[in-house]
Structures are given as structure tokens and as C-alpha cells.
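So the chains spell out like this:
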Amino acid sequence: QVQLVESGGGLVQAGDSLRLSCTTSGRTFSNYGMAWFRQAPGKEREFVAGITRSGRSSDYVDSVKGRFTISRDNAKNTVYLQMNSLKPEDTAVYYCAAALLYGIPYTENSVTNWGQGTQVTVSS
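Note that the structure is predicted; figures quoted are calculated from it, not measured. (Residues numbered from 1 in each chain as written. Predicted model: local features only at pLDDT ≥ 70, side-chain atom pairs only at ≥ 80, totals over all residues. Heavy atoms only, no water.)

Caption draft 1: Spatial organisation of the pairing of strand 5 (residues 46–51). Of all six residues in strand 5, five are buried, a share of seventy percent or more. In terms of strand pairing, strand 4 (residues 33–39) meets strand 5 through five bridges, oriented antiparallel. Looking across to strand 5, one finds that Ala-35 is bridged to Gly-50. Hairpin geometry of strand 4 and strand 5 is characterised by an intervening segment of six residues between the two adjacent antiparallel strands and by a positive phi of about 75° at Gly-42. Two elements, strand 5 and strand 6 (residues 58–60), share three bridges in a ladder whose sense is antiparallel. Among the inter-strand pairings, Ile-51 is bridged to a residue of strand 6, identified as Ser-58. (Buried < 20%, exposed > 50% of the residue type's maximum accessible area, 1.4 Å probe, protein only. Helix = DSSP H or I, 4+ residues; strand = E, 2+ residues; numbered from the N terminus. Pairing = 2+ DSSP bridges.)

Structure below.
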């Protein structure tokens, strides 16, 4: 098993930026496809961004394309989510997710390990 710890959430204004980090420990980080999910109040958890084991490929939900960037540093066992031009609708708890996949973990069923979540609040 791999353990995931998120950091970097907070309260910001619309248009601001935040960078979330997810540091892992345990199993070999480079064996895992990684993703960020989020859950807003009263809504289901949704896929936000994902990246392959090597970091060569990534994908995003349409609502964040052009604003968010996922990246990973396999030497530091860390995955990042750079969030720019934040909007109030980005307010949610953001979860780091790991999956023993070659590809991107798009669904909750594919995730093998979850972080505890970090709150992101964007005020208008």
C-alpha cells in the first residue's frame, strides 16, 4: 500500500492560484497512476486531473482545462496540482488518488489509495 498526504489547500479569492501537493510513502511511487478528485458540498466526488506513471500523459475534466496542471516528480514521490484562475465553483475538498495502472485513474473504482483530502475555498 501507498500512503498519501495532501497539502496546499486554503481560502483564496477568485482569480488567485494555489498549488496542491501530495506526498507518498510506502510502495514504489512510479508504479502508480495518480489523480486528483474533488467533492463539492452536496455533490458527488469527481475526477479533476490525472497523470500516467511516467508523467508523459495527463488529462483533465473540461471545466479545468487551461487553468489546472497536474505534474509529478518521481524522485520526490510527489504529485502536484497547480490551479490558476480559480473560480468559486472550484470550491471543494480535493483528494489525491493512486492507482496501480499504466494509464490514468479516471474512476473511483480504479483507485487503490486515497489521501485524507484538503479543502480549497474560492471566494467571489
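Caption draft 2: Representation of the pattern of salt bridges in the model. One pass over the structure, following the stated rule, counts five salt bridges. The partner of Asp-90 in a salt bridge is Arg-38, and the shortest N-O contact between them spans 3.0 Å. Residue Asp-90 is located in the loop between strand 8 (78–83) and strand 9 (92–99), and its partner Arg-38 is located in strand 4; the two are separated by 52 residues in the primary sequence. Each member of the pair, Asp-90 as well as Arg-38, is classed as buried. For Arg-67, the salt bridge identified is with Asp-90, shortest N-O distance 2.7 Å. One end of the pair, Arg-67, is in the loop between strand 6 and strand 7 (68–73); the other, Asp-90, is in the loop between strand 8 and strand 9, and 23 residues separate them in sequence. Through salt bridges that share partners, Arg-38, Glu-46, Arg-67 and Asp-90 make up one connected network. (Salt bridge = Lys/Arg side-chain N within 4 Å of Asp/Glu carboxyl O.)

Caption draft 3: Quick peek at the packing of aromatic side chains. Tallied over the full model, the rule gives four aromatic pairs. Summarising the aromatic geometry, the rings of Phe-47 and Tyr-106 are spaced 4.9 Å apart at their centres and angled 45° between planes, so their arrangement reads as tilted. Of this pair, Phe-47 sits in strand 5 while Tyr-106 sits in the loop between strand 9 and strand 10 (113–114), and the two are 59 residues apart along the sequence. Taking the relative accessible area as the measure of exposure, Tyr-106 reaches 40% and is therefore partly exposed. Between Tyr-95 and Trp-114 the ring centres are 6.4 Å apart and the planes differ by 85°, which places this aromatic pair in the edge-to-face class. A residue pair is termed long-range when its members are at least 10 positions apart, and Tyr-95 in strand 9 and Trp-114 in strand 10 qualify at 19 residues. Taking the relative accessible area as the measure of exposure, Tyr-95 reaches 16% and is therefore buried. Members of the aromatic cluster, connected to one another through ring pairs, are Phe-37, Phe-47, Tyr-95, Tyr-106 and Trp-114. In this structure, Arg-53 packs its charged tip against the face of Tyr-102, placed 4.3 Å from the ring centre. (Phe/Tyr/Trp six-rings, centres within 6.5 Å; stacked < 30°, edge-to-face > 60°. Lys NZ or Arg CZ within 6 Å of the ring centre and 35° of its normal.)

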